[in-house]
Structure formats: structure tokens, C-alpha cells
Amino acid sequence: MRPGDTAHGCPPDPCDDLTDETTYERVRSAQAPSVPPLSRRGMLRLSAGAGLGAALGTAAAPQALAAPAAPQGLAAPATGIVKPLPPELFIPQGTNAEMRWEAMRGQGDLTPVDRFFVRNHVATPRIDARTWRLKLWGTGLHGSPPESRPVEFSYEDLLGMRAETITSFIECTGNGRNFYATQQGQEVSGTPWRLGGVGVARWRGVRLSAVLERAGLTPRAVDILPRGLDADFVDKGEDLGRVRRPLPVAKALKDVLLAYEMNGAPLPPDHGFPVRLVVPSWVGIANIKWLGDIQVADEPLFSPWNTRYYRLFGPGYPPEGTAPLTRMNVKSAFELPWEAALPAGHQILHGRSWSGNGRVRRVEVSVDGGATWRPARVRDHHANPRGWVRWEFPWRPDAPGPHELLARATDETGASQPSTAPYNTLGYLFGAVVRHPVTVS
Ligand SMILES: Nc1nc2c(c(=O)[nH]1)N[C@H]1C(S)=C(S)[C@@H](COP(=O)(O)O)O[C@H]1N2
Ligand SMILES: [Mo]
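Just so it is clear, the structure is predicted and the values come from calculations on it, not from any experiment. (Residues numbered from 1 in each chain as written. Chains lettered and ligands numbered in written order. Predicted model: local features only at pLDDT ≥ 70, side-chain atom pairs only at ≥ 80, totals over all residues. Heavy atoms only, no water.)

### Considerations on the overall build of the protein
In plain terms, the rule: Helix and strand assignments come from DSSP, with helices taken as H or I runs of at least 4 residues and strands as E runs of at least 2, each series counted from the N terminus. Think of it in three bands: residues with accessible area under 20% of the maximum for their type are buried, residues over 50% are exposed, and the middle band is partly exposed, with areas taken using a 1.4 Å probe on protein chains only. We call two residues in contact whenever any of their non-hydrogen atoms come within 4.5 Å of each other. Only the protein chains shown count as cover for residues, and the accessible areas themselves come from Shrake-Rupley with a 1.4 Å probe.
Along its length, the protein carries 10 helices and 23 strands. Across the 441 residues that make up the protein, the buried fraction comes to 56%. In the protein, the share of contacts with a sequence separation of at least 24, taken over all contacts with a separation of at least 6, comes to 73%. With an accessible surface of roughly 17,700 Å², the protein has 53% of that area assigned to carbon and sulfur atoms.

### Things to note about unusual backbone geometry
That bond from F273 to P274 is cis: its omega, 10°, falls within 30 degrees of zero. By the element assignment, P274 lies in the loop between β12 (265–266) and β13 (276–278). A positive phi angle, near 45°, is found at K236, a position not held by glycine. With respect to the helices and strands, the residue K236 is situated in the loop between β8 (234–235) and β9 (238–239). Relative accessible area serves as the criterion here: at 80%, K236 is assigned to the exposed category.

### Considering the side chain of T173
Within the secondary structure, T173 is located in the loop between β5 (164–171) and α7 (178–182). The class of T173 is buried, set by a relative accessible area of 0%. Once residues lying within four places of it in the same chain are set aside, the contact partners of T173 are V283, G284, I285, Y310, L325, M328, Y428 and L429.

### Examining the sheet that holds strand β16 (residues 340–342)
Just so we agree on the cut-off: Two strands make a pair as long as DSSP finds a minimum of two bridges between them.
Strand order across the open sheet formed by five strands is β16-β23-β22-β18-β19, with mixed pairing between neighbours. The strands lining the two open edges of the sheet, one partner per strand, are β16 and β19 (374–375). Summarising the sheet, β16 and strand β23 (residues 435–440) pair through three bridges and their orientation is parallel. Bridging across to β23, L342 finds its partner in V440.

### Comments concerning the pattern of salt bridges
Short version of the rule: Salt bridge, as used here: a side-chain nitrogen of Lys or Arg that lies within 4 Å of a carboxyl oxygen of Asp or Glu.
Scanning the model with the defined rule gives 19 salt bridges in all. One salt bridge in this structure joins D235 and K236, with 3.4 Å as the shortest N-O distance. Here R435 and E404 are joined by a salt bridge, their closest N and O atoms 2.8 Å apart. With a gap of 31 residues between them, R435 in strand β23 and E404 in strand β22 (residues 401–411) connect regions that are remote in the sequence. Linked through salt bridges whose partners overlap, the residues forming this network are D235, K236, E238 and R308.

### Considerations on the sheet that holds strand β7 (residues 223–228)
One open sheet accounts for five strands, arranged β4-β3-β14-β7-β10; its pairing is mixed. The open sheet has two free edges, formed respectively by β4 (151–154) and β10 (247–248), since each of these has just one partner strand.

### Topic: the pairing of β23
In β23, alternate side chains face the same way, and those of H436, V438 and V440 are buried while those of R435, P437 and T439 on the opposite face are not. Pairing analysis gives six bridges linking β22 to β23, with the strands arranged antiparallel. Bridge pairing links E404 to P437 in β23.

### Some points on the site of ligand 1
Worth spelling out the cut-off: Definition of nearness: a residue and a molecule or strand are near each other if at least one heavy atom of the residue lies within 4 Å of the molecule or strand. Throughout this description, a polar contact denotes any pair of N or O atoms lying within 3.5 Å of each other; where both atoms belong to protein, one of them has to be capable of donating a hydrogen while the other can accept it, and for residues adjacent in sequence the pair is counted only when both atoms sit in side chains. With a 1 Å grid spanning the protein atoms alone, the term cavity applies to any set of points in which a 1.4 Å probe fits but cannot get out, the term pocket to an open set with protein on both sides within 12 Å along at least five of seven lines, and the term lining residue to any residue with an atom within 4 Å of a point. For this analysis, a molecule is said to be in a pocket or cavity if more than half of its atoms are within 2 Å of the grid points defining it. Residues are grouped as follows: Ala, Val, Leu, Ile, Met, Phe, Trp, Tyr, Cys and Pro are nonpolar; Asp, Glu, Lys and Arg are charged; all remaining types, including Gly, are polar.
Of all residues adjacent to ligand 1, which total 19 residues, the nearest are F117, D230, H271, R276 and K289. Within the contact set of ligand 1, an oxygen atom lies 2.7 Å away from a backbone nitrogen or oxygen of F117. K289 is positioned such that a nitrogen or oxygen atom in its side chain is 2.5 Å from an oxygen atom of ligand 1. In a pocket analysis with a 2 Å cut-off to the grid points, ligand 1 is assigned to the largest cavity. Tallied by class, residues from the shell around ligand 1 come to nine nonpolar, six polar and four charged.

Next up, the structure:
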């Protein structure tokens, strides 16, 4: 199998590009006409790991795959996050940490690790790379009947394979969720991020396609299910098991990386050490951290992370939600504190824009509440399609007092930022223009 091959056991036409949302939706809804959150079918899929437990000769699959637990003494503070979270760089969000946008002011293209946002369902696990193994198993691999052993890769094995480097953003699907309430008066559930649930890093690692190929990917494989080694996620008393989210083989072969380095250093514990998935342009949840195993299947796979979460639910959507979300949308942010105090007189405003659809082509700024717009000066015109562009906008405030700064970007597909975002109960994909309050004195 090579990246770009389309033979995955289905006619080329609908399987051509499962990274295309419309195609993905069509193919997936044909395969699973109705998959309500945690349906019986989903439950059966969820228990499919038992086959691997048997393969490993152990009673329970999850334990069999778990890396050595962290010594309790090393446990991080209450957040479960290991790195320091200085208040000038981060806004605490429960088990997560949001980047303050003013922390990007004066930075280069990349988000330094010390300020990269953290989104953890549970605490950051401490994993020993010497004993860690990545296990691939399932019906989508050659010679991998349920009773056979998984194909294993050690950390050293991966370091010994051809390395590839990509610069890509990772963004939480709920980034901007706060504005459903504060700008649109709509109640949604989930972490109330403003815009700091995003970061751009240079990721180095091995192509997932190379590892799948070595493991014996068959043309019949359609979905893979990467799973983290962090503890089970419990949602309102219900144990949903370990964080795992299916990914179509077509995307897996296209541009997905098994990353072991971030910005030139080994992955930090909070960002997935020893190895995480980097799934460019897609919803943050696809980028599974602390990767332990990957199921490769010749049939569609389901987990709570593509059935009850990471779909759009609410009025106007089917009861089981939309198809699983894939690409992120267009967003823009000013490199300013929220409610910044700005001087009177001439100044340059700075910001960044990004899109899961590809390059940002144009950015406009409004300083009069959206009545008039003027183009910002985009600095990174040849920007890589998986990153963001930096832009500048000269401004001389007309009067002291409160102002709202608005920025809106348009990407290479023509997608732009509307003035309101379509409501969905879980508050995903807030892509509307954000009204950034500042006070001039
Ligand atoms: N194993 C595991 N992988 C995970 C998560 C998690 O909680 N556990 N969170 C996901 C979500 S929702 C996001 S947005 C990204 C965040 O990556 P970061 O913490 O490195 O910024 O990781 C994803 N991968
Ligand atoms: Mo996320």
C-alpha cells in the first residue's frame, strides 16, 4: 500500500477521498445508516478489543496494553498537567490549559512548547519509552486473524525509520466555544475556550502510512482506531474506556504522522510522549496522544469519540448527529489580551488566521463593530496550508474608551468567517468573527 492508493475494498468512486467531508459523510452514512450514540452496535465495536486481550494471553485488553504507570510521587498538580502553567501564558480550564493569545505576540511561526495549549481528558500519563510498544492489530492487516499477535514497534524501531517533518496546527474542536454563550446567547456544553485552544508546531516522526505498510495493511482496510495510554475517561459516572477515535484509512495514508518530536525536541509528556498522532487540518481529537495501539479494520469502526462526541447535534441535525467531524474551519485571533488596555495614538495590531481547508488568502479587520472592513497586511503569503498566517493592521483609535476589534479571514477554498456560527449543542466549530474587546486610554 502506498499513500494515494485508493483500493480499500470499496469501489474507487466513493472511496476516492474520504478526507473530503461530503464524500466521507456519504460513504459513512451508507455504511451505518443510523448509529445513535453508544448504540448496541457501537457497544459491540467497543468490546472488540477483547480479541486482542486474548491474543496477548491476558484477561483484559486495556491492561495488557498499558505502559508502566507513573510513580504516584511524580503526579502533577490538580490539573494532571506536568509542565508549568504560568498565569501569564495560560488560562486554566479544568484538566486543560488554554493559551493566552497575547503570549503569541513577538513569536515566530511556531507556538513554543511552554505556551502550547493542553487538552487532556484525564491526567498526563508518564510513559517509559524503553518498554513502550506501539501495537497494530485487526482484520485490516495481512495474516492478522483475531488470535494472532499484534505487530509491534518499539520507540527505537520508529526512530530508525525514515523521518518526516511537518508544520501543522492542532486545534481543539471546541476552540471558541465560549462565544456561543457570550456572543450568541446560546447555552452549549464543554470547555469554554476562547480562541487559545490552538497551536502550531513542527512535528517530526514517521509517516503512519509507512508503519501501516510494514504492519501489512490490506486493500480491504477501511478504518483505523488509534488509542491512547492515558486512563479511562469517565463521563458523568460512565466509563467510556481509553481515548480513541476512528480515522479513515484514506486520511491515515495521506498525511498523518506518528510524531516523536515537537519543535525539535522529544515530545513533552503533556503533548503525547513518547509518540502521538498528528492528523493535519483535522479536529484536535484525531491527534491521539500517548499512542498505545492501533486497530486496523476491514469495516467501519466506532467509539464514543465519533458517535456521541465530535458530531454536530441539535435543532436541524439528525438525532444521531451529523457525520463525524473532520476538518477544522477558518478562524482569526488578535495577539492581544482579552479586554486589552491599549494606548491612544498610532499602533500596529497583530494577529494570526488559519483554516483546516488550506491556506488563508485574505484577512480583513474592522474597528467599527463590523460596519467597515479594511485588509490586513498578511505576512506569510506562501504559508504552508497546514499552519497559520501572521498579519498586521495599523490602527489609530478615533476616541478613548471601549472598542471592539474584529478580524475575518478567507481561505483558498473561499471559506470565510460569518458573523454568527451555526448553533450545535456541544459548541463545536465556532467559526464566526470574534468581537475582541479592548479599552483605549
Ligand atoms: N490519548 C489522548 N489523546 C488526545 C486527547 C486525550 O485526552 N487523550 N485529547 C485530544 C484532544 S480533544 C485534543 S484537542 C488534542 C490536544 O493536543 P495537545 O494537548 O497536545 O494540545 O489532543 C487529542 N489527543
Ligand atoms: Mo479537543
